[in-house]
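Next come the chains, spelled out residue by residue.
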Amino acid sequence: MDKLNDNEKLHFSLLDPFKINSSEELKYIAKNLYNAGTDAFLIGGTLGVSKDKLDFVISLLDDYEIPKIIFPSNINLLSEKADALLFLSLLNSDDIYYVIGAQIVAAPIIKMLQMEVIPTAYVIVGHGGTAAHIGKARVIPYDNFELATAYTLAAEYLGMDFVYLEAGSGAPEPIRPEMISFIKKASSIPLIIGGGIRSVEVALKLVEAGANIIVTGNIIESDVDKAIKIIRGIKNK
Ligand code: 1GP
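Quick caveat, the model's predicted, so the values are computed rather than measured.

1. Focus on the UniProt feature "binding site: sn-glycerol 1-phosphate" (unreviewed entry) in the chain
UniProt tags Tyr164, Leu165, Glu166, Ala167, Gly168, Ser169, Gly170, Gly195, Gly196, Gly217 and Asn218 as "binding site: sn-glycerol 1-phosphate" (unreviewed entry). Positionally, Tyr164 belongs in strand β6 (residues 162-166). In contact with Tyr164, not counting residues within four places along its chain, are Phe71, Leu86, Thr120, Ala121, Tyr122, Val123, Ile192, Gly194 and Val215. Position of Gly168 among the secondary structure elements: in the loop between β6 and α6 (177-186). You can call Gly168 buried: its relative accessible area is 0%.

Put into structure tokens, the structure is as follows:
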């Protein structure tokens, strides 16, 4: 994350253990993403991810010297095999469990495993997908820039390191660049942007608007060449 100090734009590759069919497939995908210049592997998914599958995927990524970061959907997805954990609080959940409950249950385990944590506000926008359903999020409309800015400022004042604006995995529309530039006028907290990003053109608009980290998930599994183009586009900025 030190790269952020140099104002470098980063790309994170989200690998969902539930969607990966074989170790050969994972190795092929990981090699391509790594060679294209992705900055980290995010490992996680909302449904169907067991601790065993998580550990298995992390161990297959051992050869690549970029951070392997857990993107947890529940408290079972903790592993000392990873380099770090996005310590998420779903700020716009109606259920206190997702705001601070799961974090309290997980904290002693994280301490025991001596995991590095990255304090991150998770904020779900627009479509929201499965994450919004499970997390009981009161989603922020795609065009409500003021509300998204208020959440971002609250995250900054709470001392979070990042805000992850999530449109939902497979969202038909990603976060709007206009929302990012609006937020950036008020807050300098680094923004992670994900959900529904499928083309280099879209990714570059988000980066130009001020996104610090672009996350792609589905496109990696459905069309790795497109994912490679997105990574190269971002890294050549
Ligand atoms: C989901 O933001 C990520 O949590 C990635 O979304 O799968 O649509 O790329 P996609």
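Now that the structure is up, let's keep going.
2. Some details on the sheet that holds strand β4 (residues 84-90)
Taken in spatial order, the eight strands of this closed barrel run β1-β2-β3-β4-β5-β6-β7-β8, and their pairing is parallel. The sheet shows a mean angle of 30° between the axes of neighbouring strands, direction not considered. One ladder, built from six bridges, connects β4 with strand β5 (residues 117-124); its direction is parallel. Looking across to β5, one finds that Leu86 is bridged to Ile118. Sheet contacts for helix α1 (residues 23-36): β1 (10-15) and β2 (40-43); angle to β1, the most-contacted strand, approximately 175°.

3. Details of the side chain of Thr149
Note that Thr149 resides in helix α5 (residues 145-157). With near-sequence residues (within four places) excluded, Thr149 lies in contact with Phe182, Ile183 and Ala186.

4. A short note on the pairing of β4
Where a strand is regular, its side chains alternate between the two sheet faces. β4 sits mainly inside the fold: six of its seven residues count as buried. Strand direction decides the pairing type here: strand β3 (residues 68-70) and β4, joined by two bridges, are parallel. Residue pairing across strands places Ile70 opposite Leu85, the latter belonging to β4. Following the chain from β4 across helix α3 (residues 96-113) to the adjacent parallel β5, one finds a crossover that is right-handed.

5. What to know about the packing of aromatic side chains
Overall, the coordinates contain seven aromatic pairs when judged by the stated rule. Ring centres of Tyr97 and Tyr98 lie 5.2 Å apart, and the angle between their planes is 90°; this geometry places the pair in the edge-to-face category. The exposure class of Tyr97 is partly exposed, given its relative accessible area of 33%. Using a relative accessible area of 22% as the deciding quantity, one classes Tyr98 as partly exposed.

6. Notes on the UniProt feature "binding site: Mg(2+)" (unreviewed entry) in the chain
UniProt records the feature "binding site: Mg(2+)" (unreviewed entry) at Asp16 and Thr46, using the numbering of this structure. For the annotated residues, spread through 31 residues, the largest C-alpha to C-alpha distance comes to 8.6 Å, consistent with a single compact locus. With respect to the element layout, Asp16 can be found in the loop between β1 and α1. One can find Thr46 in the loop between β2 and α2 (51-60). Judged by its relative accessible area of 31%, Thr46 falls in the partly exposed class. Dropping the residues within four chain positions of it, Thr46 is found in contact with Ser73, Thr130, Ala131 and Ile134.

Definitions and cut-offs
- Residues numbered from 1 in each chain as written.
- Predicted model: local features only at pLDDT ≥ 70, side-chain atom pairs only at ≥ 80, totals over all residues.
- Heavy atoms only, no water.
- UniProt positions renumbered as here; feature names shortened; annotations may be inferred.
- Helix = DSSP H or I, 4+ residues; strand = E, 2+ residues; numbered from the N terminus.
- Contact = heavy atoms within 4.5 Å.
- Buried < 20%, exposed > 50% of the residue type's maximum accessible area, 1.4 Å probe, protein only.
- Pairing = 2+ DSSP bridges.
- Axes fitted to C-alpha atoms, helices over the stretch in contact; angles between N-to-C directions.
- Right-handed = clockwise from strand over helix to strand, strands pointing away.
- Phe/Tyr/Trp six-rings, centres within 6.5 Å; stacked < 30°, edge-to-face > 60°.

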